[in-house]
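Observations on the three-dimensional arrangement
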Amino acid sequence: MIEARPLPKKKTRSISWNSREGRSVIYQIVAIASVAGFIWLLVTNTLGNMRRRGIQSGYDFMFQPFGFDVSETLIPYDVMSTYWTAFAIGLTNTLKVAIIGIVLATLIGTMLGIGRFSTNFLVRKVCYVYVEIFRNIPVYLQLLIWYIVFTETLPSMDEAWEVGPTFLSKGGFFFPWPNWELGQSLALLGMLLGVVGSYVYARSARRHFDLTGHSRPVLPVAFGIIVGLGVVGWLIGGAPMAWTLPEKGVFMVEGGANFSPEFLALLVGLVLYTASFIAEIVRSGIASVSQGQHEAAASLGLTKSLSMRLVALPQALRVIIPPLTSQYLNLTKNSSLAVAIGYPDLVSIANTSLNQTGRAIEALSIVMAVYLTLSLITALLMNWFNASAAIQER
Amino acid sequence: MKLKSLNLSLALAAVTILASAPAHAASKTVDAIKARGQLVCGVNTGLAGFSQADSSGNWSGLDVDYCKAVAAAVLSDASKVKYVPLNAQQRFTALQSGEVDILSRNTTGTLSRDASLGLHFVGTSFYDGQGFMVAKGKIKSAKQLNGAAVCVQSGTTTEKNLTDFARANNIKIKPVVFEKVEAATGAYFSGRCQAYTTDASGLASTRSKEAKVPEDHVILSDLISKEPLGPMVRRGDDEWLAITKWVLNGLIEAEEYGIKQSNVEEMKKSSDPQVGRMLGSTEDLGKHLGLDKEWLARAIAATGNYGEIFERNVGPKTPLNLPRGKNNLWNNGGLMYAPPLR
């Protein structure tokens, strides 16, 4: 339980009902104590009730084998894998759709948001209509609609659309995938090093520009470093060339990699929905930069695109990032609607686990803890990004 | 944004467990039902033949009839039942938390459910097995499903059976798992999955109700599991368990002795001593259960015996067209065997 410790005494302040500080300290202690007491009451009462009713409780089931199949997974598992593995499969599936979704939604949303300022009437209006349609339909319905569209309009597996080595059907989108060997791992490592190297290079180029006024090419060099190091890694790893190609089986295309219709429907639904909000955020961010800034940039002789990139966007970012963070969080949390369309995300796996074991409170508590952690990590990263984009007074 | 899929009612039920004060050791379910004047019965959200509400909100089906029989025995009125539709995720929590008095919802009895949920299985009201529905003409046996996508509803014994079956037969099956049964069947009928799996009775129900052309779909003859379906009650109230168990046994025994909805009044005068015991005309078995002696007579008058309930809801004359099969009486080659009411 919480022990009320006397605050260190300061000469000018005293914990007294008559001082403003004193009252606020007392209020806070009372508030914390009552919240803690309430939680303690709930927990002990729940445990007591469950014990009395003969309901087994505890997290020991997490070490039992889960024994049900999952249609798509990024990590290997077998019959004897534990419920921990099942939850990890669900989590990686959630992360897969969340990360790809956040990247795509940001790209599309930014383009739509900038499109609202286009001088082209058609582009402007299309972006406007898009935003109004997609942000006003509940995302749950959008997911269901996309899923129905995919499963109703795509051809059956027997008559899958074939383009080269790729197949598209109700069974999903199948494409060739390299056999993962040492070479691929080293290539990935090389590219990661390349990203770090590019960052270092970009900073030195920036310093060089600040000192001398001469700009160095950044994008082509960064591209070169990343691809170059990737290729080097691949070569060191023995330049593996083998691919698995999708082939038609009796029921479905097998081999290669694939995106299931459930994943695609979830991704498309979440991306298009979230992009409409991001578009509005980007639009309001750009609109918040005063016209004078554009005029000032123009008077310096900057082109339209340079003035957007160097003057308007950096200022707009300060307005954009905080609400953008909540959109990222929303997208991640909305991915829990996946259970409606059969995508095995964390919630879907937790639902199944809950029903196999009957441990409702335990399974729900894990899900809540995971989403809380994901949200906090996202918020932390975005806060850090926000701080780096904030106005630096010189 | 809430996690919608973790149903609101599930959350509410959980809160009920959280918030309800420590109660007396043995809750008197029957007293509560009598005080309320109503039996609260958890049923499926909609499964033709088992529990289904019509457009005016009247529930019917095999699982529903059992609730009516219990209400007739306890409250002397089969209509005094409040039906609470529950999905697979909600059902156990709803019963645990006291939201319903009895769960009569095609639930498979398993060891872990019987022993670890704080619940009791009352008995088996329907012997079932898990089967597969596929489009007509493609395959003849479930073992040919290698590589197929199979639509499943989440939170059922079905998911694990499917995995066990695939592993035992060394075939690969991709389960596509949906929270709602409507979504699972919808995905099957749209062609996303090559097969839909659930209990054979559920397959028949789905085919009769949802298929555009029922004849285009076949239910494969192989069953991959035993699914004894039956009602459940909470632990800790042995008297209530006894009542619910013996109403079920009584309905089965009534069929064996030829007591029907139509002849139950006359049968009270029967010279067969067993019939006299059951209907309370000679002995009073009801007192052992804390009920009056007419308890079973009222239940039979309300719903008919087990055979009548079966024929009315799922039998060959209904759209489900299920054969009596394993659900026949023991002396007719089936598994329905009630311990003697004596």
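The paragraphs below set out a description of the structure included in this document. Per-chain numbering applies: the sequence of each chain, read as written, is numbered from 1 onward. Working convention: letters from A go to chains and numbers from 1 go to ligands, in the order in which they are written. For this predicted model, a pLDDT threshold of at least 70 governs which residues receive local features, and a threshold of 80 or more governs which side-chain atom pairs are given and counted, while totals over whole chains, interfaces and linings are taken from all residues. Working from all heavy atoms in the structure, the side-chain values ignore hydrogens and water.

Points about the overall build of chain B
Of the regular secondary structure elements, chain B holds 14 helices and 13 strands. Over its C-alpha atoms, taken along the principal directions, chain B stretches across nearly 60 × 50 × 40 Å. Note on exposure labels: buried denotes an accessible area under 20% of the residue type's maximum, exposed denotes more than 50%, and partly exposed covers the range between, all computed with a 1.4 Å probe on protein chains only. Burial status across chain B gives 58% buried among its 342 residues. Where accessible areas are quoted, they stem from the Shrake-Rupley method and a 1.4 Å probe; at the residue level, only the protein chains shown are allowed to cover. Here chain B displays about 13800 Å² of accessible surface, and carbon together with sulfur accounts for 53% of that area. A positive count includes Lys and Arg, and a negative count includes Asp and Glu. His and the chain ends are not counted in either. All charge positions are set by atom: Lys at NZ, Arg at CZ, Asp at CG, Glu at CD. Both charge centroids of chain B, one from 40 positive and one from 34 negative side chains, sit 6 Å from each other. Numbering of helices and strands starts at the N terminus; helices are DSSP runs of H or I of at least 4 residues and strands are runs of E of at least 2.

Some points on the packing of aromatic side chains
Stacked, edge-to-face and tilted labels apply to pairs of Phe, Tyr and Trp rings (six-membered ring for Trp) whose centres lie within 6.5 Å, assigned for plane angles under 30 degrees, over 60, and everything in between, in that order. Applying the stated rule across the entire model yields 23 aromatic pairs over all chains. Taken together, a centroid distance of 6.2 Å and an interplanar angle of 35° make the contact between tryptophan 146 of chain A and phenylalanine 150 of chain A tilted. Of the two residues, tryptophan 146 of chain A and phenylalanine 150 of chain A both sit in helix H4 (residues 139-153), 4 residues apart, roughly one turn of that helix. Note on phenylalanine 150 of chain A: relative accessible area 17%, which makes it buried. Taken together, the ring pairs connect Phe173, Phe175, Trp177, Phe259, Phe263 and Tyr343 of chain A into an aromatic cluster. We count a charge as sitting over a ring when the NZ of a lysine or the CZ of an arginine lies within 6 Å of the ring centre and within 35 degrees of the ring normal. Stacked on the ring of phenylalanine 263 of chain A, the Lys or Arg lysine 96 of chain A has its end atom at 4.6 Å from the ring centre. When the ring centre of phenylalanine 310 of chain B is taken as origin, the NZ or CZ atom of arginine 324 of chain B, which lies over that ring, is 5.1 Å away.

Considering the sheet that holds strand S3 (residues 172-175) of chain A
All names here are of chain A. Reading across the sheet, the 4 strands line up as S1-S2-S3-S8 and stay open at both edges, with antiparallel pairing between neighbours. The sheet is open, and its two edges are formed by strand S1 (161-163) and strand S8 (257-259), each paired on a single side. Across this sheet, the average inter-strand angle for adjacent strands is 15°, counted without regard to direction. Whether two strands pair depends on DSSP finding at least two bridges between them. Here 3 bridges tie S1 to strand S2 (residues 166-169), and the two strands are oriented antiparallel to one another. Axis lines are fitted through C-alpha atoms, for helices just across the contact stretch, and the angle between N-to-C directions can take any value from 0 to 180 degrees.

Here's the deal with the side chain of lysine 268 of chain B
Among the secondary structure elements, lysine 268 of chain B is positioned in the loop between helix H10 (264-267) and helix H11 (273-279). With sequence-adjacent residues up to four places away left out, lysine 268 of chain B is seen in contact with Leu279, Ser281, Glu294 and Ala297 of chain B. Should any heavy atoms of two residues lie within 4.5 Å, those residues are counted as being in contact.

Here's the deal with the state of the cysteines
Residue and element names in this part refer to chain B. Any cysteine sulfur atom paired with another within 2.5 Å is treated as part of a disulfide. Within this structure, the stated rule accounts for 2 disulfides over all chains. A sulfur-sulfur separation of 1.8 Å characterises the disulfide bridge that pairs cysteine 41 with cysteine 67. Within this pair, whereas cysteine 41 is found in strand S1 (residues 39-44), its partner cysteine 67 is found in helix H3 (residues 62-75), the two being separated by 26 residues in sequence. The two residues cysteine 41 and cysteine 67 agree in class, both being buried. What pairs with cysteine 151 in a disulfide is cysteine 193, and their sulfur atoms sit 2.0 Å apart. Of note, the bridge from cysteine 151 to cysteine 193 carries an S-S torsion of about 75° and is right-handed in sense. Of the two residues, cysteine 151 is situated in strand S9 (residues 149-153) and cysteine 193 in the loop between helix H7 (181-190) and strand S11 (195-199); the sequence distance between them amounts to 42 residues. The class of cysteine 151 is buried, set by a relative accessible area of 0%. When its relative accessible area of 4% is taken as the criterion, cysteine 193 is described as buried. For chain B, the bonded cysteines connect in the pattern 1-2, 3-4 when numbered consecutively along the sequence.

What to know about the pairing of strand S8 (residues 130-135) of chain B
All names here are of chain B. Counting buried residues along S8, 5 of its 6 residues qualify, which places the element largely inside the surrounding structure. Taken together, the 5 bridges between S8 and S11 define a ladder with antiparallel strand orientation. The partner of valine 134 across the bridge, within S11, is alanine 195. The pairing of S8 with strand S12 (residues 217-219) spans 3 bridges and is antiparallel.

Some details on the interface of chain B and chain A
For an interface, size is often stated in terms of accessible area lost upon the parts coming together. Chain B puts 53 residues into the contact, and the matching count from chain A is 55 residues. In this description, buried area is defined as the sum, over both parts, of the accessible area (probe of 1.4 Å) that is lost when the two are combined. Across the interface of chain B and chain A, roughly 4700 Å² is buried in total on both sides, 54% from carbon and sulfur atoms. Whenever Lys or Arg places a side-chain nitrogen within 4 Å of a carboxyl oxygen from Asp or Glu, that contact is recorded as a salt bridge. Seen at the junction of chain B and chain A, the total is 2 salt bridges. Among the ionic pairs, arginine 167 of chain B bridges to aspartate 69 of chain A, the shortest N-O distance being 3.3 Å. Under the rule applied, a polar contact is a pair of N or O atoms within 3.5 Å (in protein, one hydrogen donor and one hydrogen acceptor; residues adjacent in sequence only if both atoms are side-chain atoms). In this structure, the connection of chain B to chain A is made through 7 residue pairs in polar contact (both at pLDDT 80 or more). Residue composition of the side of chain B that touches chain A, grouped by class: 24 nonpolar, 18 polar and 11 charged. Basically, the charged four are Asp, Glu, Lys and Arg, the nonpolar ten are Ala, Val, Leu, Ile, Met, Phe, Trp, Tyr, Cys and Pro, and anything else, Gly included, counts as polar.

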